[in-house]
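Overview (structure and organization)
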Amino acid sequence: MLVEPNTPLQAYNSFGISAKALQLVRVHSDADVQAVLADANLRDAPKFVLGGGSNIVLTGDVKPLVLKVEMKGMRLVEETDKAWIVEAAAGEKWHDLVAWTLEQGWPGLENMALIPGTVGASPVQNIGAYGVELQDRFHSLDAIDLTTGQGFSLNAAQCAFGYRDSVFKHESSGPNGLGLAGKALITRVRFDLRKDWKPVLGYLDLERKMAETGISQPTAQQIFEWVCAIRQAKLPDPAVIGNAGSFFKNPTVTQDQCDDIIAREPKVVHYLLDDGRIKLAAGWLIDACGWKGKTVGNAGVYEKQALVLVNVGGTEHPCTGGEVMTLAKAIQTSVYERFGIRLEPEPVVV
């Protein structure tokens, strides 16, 4: 185990914000975590688990010990009459897993193609796109308790998934509290890819692709290619323009609240959820407030998609986390003043 001091993190966060880890350890195996916890100087230190850095905003140097997850490996764990159970190590890139499962003939993850980040981060955020969320395909995960060093596994119910939410995003409260924020490092994730696969096509962008191509029953591979094309047209590549993907969660409202907004803004983009509530498109709300292309210092709103905040200064003059958050708060204020809706950021602010 090598402890790297004062490690630059600009290449390890998709915003490209310049910051350092005061101490960093690269985690290639469970044994690396155990070695950290056996070290008298590191055992009790606060810890920050870093995956692909695609869902964080660094507001300064990171003082906790950074555990950079770099575990690799993907495999078929089990095949039953009903499903393929696939496992991937936490350090694998999410998109690489999606592509690999389709190459093997195991559909199910295609709607979540090109979501940035690592496999280990996917359950933390309960990632999702185009009508499919991680919880819809989740089987179980393995993790290590960062206090005791004990390994443990969780099923879907134990992960307490919600919209862009899980047990890993909440602090524990009380002796029986279930929150695991900062307390665990996910090592492996397993997925339940069912053999009775059906395409999920309920989103407008996918319906447009069906109309354009004349394909009414696309294969999983075709959906994968469509989603990649849609995302590449709408969203900036973090390797070219630093960003953390969708910056705000799409808010949910009651039917009455939605009716009130529609009465004032008939064009508001909205989707009916299974529980009767309405999901509003946060990007539309932000765009309606005139934020596309606006900047605060070197942080800006992407000109093609108002839901994405970007680093307009590049690698030479990167935005700061403070500029990103100042811009985000200004957007939140204007959306609330116009629509009465409070937008909630998706990324973790460090």
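Up top is the structure.
Below is a short write-up of the structure. Residue positions within a chain follow its written sequence, with the count starting from 1. Local features in this predicted model are restricted to residues of pLDDT 70 or higher, and side-chain atom pairs are both shown and tallied only at a pLDDT of 80 or more, whereas totals for entire chains, interfaces and linings draw on every residue. The side-chain values count all of the structure's non-hydrogen atoms but skip hydrogen atoms and water molecules.

**As for the overall build of the protein chain**
We count a stretch as a helix when DSSP gives it H or I for four or more residues in a row; a strand needs E for two or more, and each element gets its number in order from the N terminus. Helix and strand content of the protein chain: 9 helices and 20 strands. Our radius of gyration is a C-alpha quantity, and the globule rule it is checked against amounts to 2.2 Å times the number of residues to the power 0.38. The C-alpha radius of gyration of the protein chain comes to 21 Å, within 12% of the 20 Å expected for a compact globule of 350 residues. Projecting the C-alpha coordinates of the protein chain onto the three principal axes gives extents of approximately 60 × 55 × 40 Å. By definition, residues are in contact when any of their heavy atoms lie within 4.5 Å. Considering only residue pairs separated by 6 or more positions, the protein chain has 60% of its internal contacts joining residues 24 or more positions apart.

**Regarding the side chain of Ser-166**
Within the fold, Ser-166 resides in the loop between α4 (156-159) and β12 (184-194). When accessible area is computed with a 1.4 Å probe and restricted to protein chains, residues below 20% of their type maximum are described as buried, those above 50% as exposed, and intermediate ones as partly exposed. Ser-166 gets classed as buried once you look at its relative accessible area, which sits at 0%. Polar side-chain contacts of Ser-166 include one of 3.3 Å to the backbone oxygen of Pro-123. When residues no more than four places from it in sequence are discounted, the contact partners of Ser-166 are Pro-123, Val-124, Cys-159, Ala-160 and Phe-161. Polar contact is the term for a pair of N or O atoms within 3.5 Å; when the atoms are in protein, one must be able to donate a hydrogen and the other to accept it, and sequence-neighboring residues count only if both atoms are side-chain atoms.

**Quick word on the pattern of salt bridges**
Salt bridge, as used here, is a side-chain nitrogen of Lys or Arg placed within 4 Å of a carboxyl oxygen of Asp or Glu. The tally for this structure, following the rule as stated, stands at 20 salt bridges. Close ionic contact of Glu-70 with Arg-26 constitutes a salt bridge, the shortest N to O distance being 2.8 Å. Here the residue Glu-70 occupies a position in the loop between β5 (65-69) and β6 (74-79), and Arg-26 occupies one in strand β2 (residues 20-27), the gap between them amounting to 44 residues. We note a salt bridge from Glu-133 to Arg-164, for which the minimum N-O separation is 3.3 Å. With Glu-133 in strand β9 (residues 132-133) and Arg-164 in the loop between α4 and β12, this residue pair connects regions lying 31 residues apart in the sequence. Of the two residues examined, Glu-133 and Arg-164, each falls in the buried class.

**Side note on the sheet that holds strand β10 (residues 138-145)**
Adjacent strands of a sheet form backbone hydrogen bonds with each other and so pair up, either parallel or antiparallel. Here a strand pair is declared whenever DSSP counts at least two bridges between the two strands. Spatially, the 5 strands line up as an open sheet ordered β6-β7-β12-β10-β11, and their pairing is antiparallel. Pairing within the sheet leaves two strands with one partner each, and these edge strands are β6 and β11 (151-155). Across the sheet, the axes of successive neighbouring strands diverge by a mean angle of 20°, strand direction being ignored. Pairing analysis gives 5 bridges linking β6 to strand β7 (residues 83-89), with the strands arranged antiparallel. All axes are obtained by fitting lines to C-alpha atoms, using only the stretch in contact for helices, and the reported angles, taken between N-to-C directions, cover 0 to 180 degrees.

**Some remarks on the packing of aromatic side chains**
Centre distance within 6.5 Å is the pairing criterion for rings of Phe, Tyr and Trp, where only the six-membered ring of Trp is used; planes under 30 degrees apart are then read as stacked, over 60 as edge-to-face, and the remainder as tilted. All chains considered together, the criterion is met by 8 aromatic pairs. Ring geometry for Trp-100 against Trp-106: centres 5.4 Å apart, planes inclined by 85°, an arrangement best described as edge-to-face. Just as Trp-100 is buried, Trp-106 falls in that class too. A ring pair is formed by Phe-247 and Phe-248, whose centres lie 5.2 Å apart and whose planes are at 70°; its orientation type is edge-to-face. Here the aromatic residues Phe-15, Phe-247 and Phe-248 are joined through ring pairs into a cluster of three or more. It is Lys-68 that lies over the ring of Tyr-12; its NZ or CZ is 4.9 Å from the centre. The criterion for a charge sitting over a ring is simple: Lys NZ or Arg CZ within 6 Å of the ring centre, and within 35 degrees of the ring normal. The lysine or arginine in question, Arg-342, covers the ring of Tyr-336, its NZ or CZ lying 4.0 Å from the ring centre.

**Looking at the environment of Arg-338**
Inspection of the secondary structure assignment puts Arg-338 in helix α9 (residues 321-339). Judged by relative accessible area, which is 36%, Arg-338 ranks as partly exposed. Once you skip the residues sitting within four places of it in the chain, Arg-338 turns out to touch Arg-264, Glu-265, Ala-288 and Cys-289. A polar atom in the side chain of Arg-338 sits 2.5 Å from the backbone oxygen of Ala-288.

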